[in-house]
Amino acid sequence: MNAEPDQKQLLHLVIGGELSSLDGVTFKDLSKVDIVGVYPNYASAHAAWKAKAQATVDQAQTRYFVVHLHRLLDPEATKP
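Residues numbered from 1 in each chain as written. Predicted model: local features only at pLDDT ≥ 70, side-chain atom pairs only at ≥ 80, totals over all residues. Heavy atoms only, no water.

A word on the pattern of salt bridges. Following the criterion strictly, the structure yields two salt bridges and no others. Where Glu-18 meets Lys-28, a salt bridge forms, and the shortest distance between an N and an O atom there is 3.4 Å. On the criterion of sequence distance, the pair formed by Glu-18 in strand β1 (residues 12-18) and Lys-28 in the loop between β1 and β2 (34-39) is long-range, its members being ten residues apart. By relative accessible area, which is 39% here, Glu-18 ends up partly exposed. For Lys-28, a relative accessible area of 56% gives the class exposed. (Salt bridge = Lys/Arg side-chain N within 4 Å of Asp/Glu carboxyl O. Helix = DSSP H or I, 4+ residues; strand = E, 2+ residues; numbered from the N terminus. Buried < 20%, exposed > 50% of the residue type's maximum accessible area, 1.4 Å probe, protein only.)

Below you can see the structure in the form of structure tokens.
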């Protein structure tokens, strides 16, 4: 899960849990939010997200998300 030394580290967070409603992104119980982990690039975060999303496919109210932490930490670096 380590980034290659010559690659720029773009941190991503994968989280998920049961939502209050399928119409929004409000978690039903914040104490039960599943913090899957922080990843050095989108590809590894996407793989973790996909595994969790597929494992909970039968739980209709459960959703997982990839949060682009690098955009929050350094907004200027991601502008075109």
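Right, picking up where we left off after that structure.
So, on to the confidence of the model for the chain. Taken over all residues, the pLDDT of the chain has a mean of 90, while the share at 70 or more is 89%. Per-residue pLDDT, averaged within each element of the chain, yields its smallest value for helix α2 (residues 69-73) (90) and its largest for β2 (98). (pLDDT = per-residue confidence, 0-100.)

The next subject is the environment of Lys-52. If you trace the backbone, Lys-52 turns up in helix α1 (residues 42-55). When the C-alpha atoms of Lys-52 and Val-14 are compared, they prove to be 9.3 Å apart, with 38 residues separating the residues in sequence. Excluding residues that lie within four positions of it along the chain, Lys-52 makes contacts with Asp-34, Val-36 and Tyr-64. Within polar-contact distance, the side chain of Lys-52 engages the side chain of Asp-34 at 3.1 Å. (Contact = heavy atoms within 4.5 Å. Polar contact = N/O pair within 3.5 Å; in protein donor to acceptor, adjacent residues only side chain to side chain.)

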